[in-house]
Amino acid sequence: MADLIVQSKVREHLDGMNVSADFFDVLDEEVAELLDDAARRADANDRKTVQTRDL
């Protein structure tokens, strides 16, 4: 699976929190699922452009 998130940015956003290594794997899976769902919605509406409403 491709890395869809930037770990340093996640750590920066969660300033002051420790982040376990396996957190990033699960977060990446969640993001991939979100993107796949958005693409399916766009496709179901005969669009090739994924829009905010697809989230």
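Scroll up to find the structure this text is about.
So, here's what we can say about the structure.

### Some remarks on the overall build of the protein
Then step 1. Helix and strand content of the protein: 2 helices and 0 strands.
Then step 2. By the compact-globule yardstick of 10 Å for 55 residues, the protein is too spread out, its C-alpha radius of gyration being 14 Å.
Then step 3. The C-alpha extent of the protein, read off along each of the three principal axes, is 45 × 20 × 10 Å.
Then step 4. A total of 55 residues make up the protein; the buried ones form 18% of that total.
Then step 5. Taking the contacts inside the protein whose residues are at least 6 apart along the sequence as the reference set, 30% of them involve residues at least 24 apart.
Then step 6. For the protein, the exposed surface amounts to about 4,700 Å²; the carbon and sulfur share of it is 50%.
Then step 7. With 7 positive and 14 negative side-chain charges, the protein shows a separation of 9 Å between the mean positions of the two kinds.

### Regarding the environment of V10
Then step 1. Within the secondary structure layout, V10 lies in helix α1 (residues 7-13).
Then step 2. With 17 residues separating them along the chain, V10 and L27 place their C-alpha atoms 9.9 Å apart.
Then step 3. For V10, the residues in contact, after removing those within four places along its chain, are I5, F23, F24 and L27.

### Focus on the packing of aromatic side chains
Aromatic ring pairs are reported here in terms of the distance separating the ring centres and the angle at which the planes meet.
Then step 1. Scanning the model with the defined rule gives 1 aromatic pair in all.
Then step 2. Arranged with centres 5.9 Å apart and planes meeting at 80 degrees, the rings of F23 and F24 form a pair that is edge-to-face.
Then step 3. Overall, F23 belongs to the partly exposed group, its relative accessible area being 35%.
Then step 4. The buried category is assigned to F24, whose relative accessible area is 4%.

### What to know about the side chain of D54
Then step 1. Its location among the elements puts D54 in the segment after α2 (21-44).
Then step 2. Separated by 2.8 Å, the side chains of D54 and R47 make a polar contact.
Then step 3. Separated by 2.7 Å, the side chain of D54 and the backbone nitrogen of Q51 make a polar contact.

Rules used in this analysis
- Residues numbered from 1 in each chain as written.
- Predicted model: local features only at pLDDT ≥ 70, side-chain atom pairs only at ≥ 80, totals over all residues.
- Heavy atoms only, no water.
- Helix = DSSP H or I, 4+ residues; strand = E, 2+ residues; numbered from the N terminus.
- Rg over C-alpha atoms; globule rule 2.2 N^0.38 Å.
- Buried < 20%, exposed > 50% of the residue type's maximum accessible area, 1.4 Å probe, protein only.
- Contact = heavy atoms within 4.5 Å.
- Areas by Shrake-Rupley, 256 points an atom, 1.4 Å probe, with all protein chains shown as cover.
- Lys, Arg positive; Asp, Glu negative; His and termini not counted.
- Charge placed at Lys NZ, Arg CZ, Asp CG, Glu CD.
- Phe/Tyr/Trp six-rings, centres within 6.5 Å; stacked < 30°, edge-to-face > 60°.
- Polar contact = N/O pair within 3.5 Å; in protein donor to acceptor, adjacent residues only side chain to side chain.

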